[in-house]
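Take a look at the letters that make up each chain.
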Amino acid sequence: MPELPEVEFAARTLRRWLEGKRIEAAEASLTRIFRGSDANAFASELPGKKLEWIERRGKYLLLAFTKNVGLLAHLGMTGKWMRIGRTDERPSHVRASLTLEKDGVVLYRDPRLFGRIAVHPADRLFELKEIRALGPDPLVDGIDEKRLHERLHRTGRAVKVAIMDQAVIAGVGNIQATDALFHARIHPARAASSLGPKEVRALAAGIRKSIDYTLGLQGEGDAIEYVEDPGAENPFVIYGRAGHTCPRCTGTLEKLDLGGRTSAFCPHCQPA
């Protein structure tokens, strides 16, 4: 499931695929990924344009093309940007495509349709309510430990639920939160308001460590595999490993449900 590192990977690959390339044709099927926008605008506005810049904020991609054409994109749960040759067979569940002049085809594939693409003027992308509502981005803005402590101190929610709130930290989801709390030795169900400054400092370091680790896993290739993909291996430290041996103390990892999400943790290393 795409979180900050996976969306950062998508931004880097799209930048590499699209920069300096003229779009010859754009196609989009009439599906709910264009909610709040218009699939016809995608197909009519993008031909003839070139990418000027692409940025990522949290789990959102912002793409600006010539003539002030912009895209806001979110990968949802199963969305992926892919590149194929012009004569290659297209995979299933392609919802939108960009055919590049004298080059291949960039596809957006999304089996479950939870992702989103919206056409907006490029100079208004950062003013969109979705972007303005985001908290600091760990890669773009860094993590201000004092500010994070102030935000957490004001809520009685479980700390894992709090750090998955995109208004608190942009881009952190279930995977990153689970592994970050393990690195920080903090129980995921602890009240966020109970954390002291040293614990928040350890949590910030854990978030950075988890994100850097995941980015390192992605490498510099074109293809990305999500841990939920059929047959995919789980490369994460404790995410999805309840019942397995703790990599730190050799105890047994347990799990609990918080905010509708399952969280693995070590009851010895992360005491309640």
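On a predicted model such as this, the values are computed, not experimentally measured, just so you know. (Residues numbered from 1 in each chain as written. Predicted model: local features only at pLDDT ≥ 70, side-chain atom pairs only at ≥ 80, totals over all residues. Heavy atoms only, no water.)

Student: Give me the lowdown on unusual backbone geometry, citing residues and values where you can.
Tutor: The phi dihedral of Lys67 is positive, around 65°, even though this residue is not glycine. Topologically, Lys67 is positioned in the loop between strand E3 (60-65) and strand E4 (69-74). Note on Lys67: relative accessible area 70%, which makes it exposed. Of note in this structure, His93 is not a glycine but carries a positive phi near 65°. (Helix = DSSP H or I, 4+ residues; strand = E, 2+ residues; numbered from the N terminus. Buried < 20%, exposed > 50% of the residue type's maximum accessible area, 1.4 Å probe, protein only.)

Student: If you had to explain the environment of Phe126 to someone new, which residues and values would you point to?
Tutor: One can find Phe126 in the loop between strand E8 (116-121) and helix H3 (129-132). Exposure remark for Phe126: the relative accessible area of 37% places this residue in the partly exposed category. Once the C-alpha coordinates of Phe126 and Lys67 are considered, the two residues, 59 residues apart in sequence, prove to be 17 Å apart.

Student: Can you lay out the environment of Ser97 for me, pointing to particular residues and giving the numbers?
Tutor: With respect to the element layout, Ser97 can be found in strand E6 (residues 94-100). For the pair Ser97 and Glu225, spaced 128 residues apart in sequence, the C-alpha separation works out to 20 Å. Apart from residues lying up to four places away in sequence, Ser97 is in contact with Ala25, Ala26, Glu27, Phe42, Arg90, Val105, Val106 and Leu107. Looking at Ser97, its side chain comes within polar contact range of the side chain of Arg90, at 3.3 Å. (Contact = heavy atoms within 4.5 Å. Polar contact = N/O pair within 3.5 Å; in protein donor to acceptor, adjacent residues only side chain to side chain.)

Student: Just give me the short version of the domain arrangement of the chain, but keep the residues and values in it.
Tutor: Segmenting the chain into domains produces domain 1 (4-132) and domain 2 (145-265). The C-alpha-based centres of domain 1 and domain 2 are spaced at 28 Å. Between domain 1 and domain 2, the residue contacts involve 17 residues of the former and 20 residues of the latter. Between domain 1 and domain 2, the buried area comes to about 1,500 Å², and carbon and sulfur atoms account for 59% of it. Across the domain 1-domain 2 interface, the total number found is one salt bridge. Across the contact surface, domain 1 and domain 2 share four residue pairs in polar contact (both at pLDDT 80 or more). For the side of domain 1 that touches domain 2, the secondary-structure elements that each account for two or more residues are helix H1 (4-18) and strand E5 (80-84). When residues of the side of domain 1 that touches domain 2 are assigned to their parent elements, the largest contribution, nine residues, is made by H1. (Domains from an automatic or database assignment. Buried area = accessible area lost by both parts, 1.4 Å probe. Salt bridge = Lys/Arg side-chain N within 4 Å of Asp/Glu carboxyl O.)

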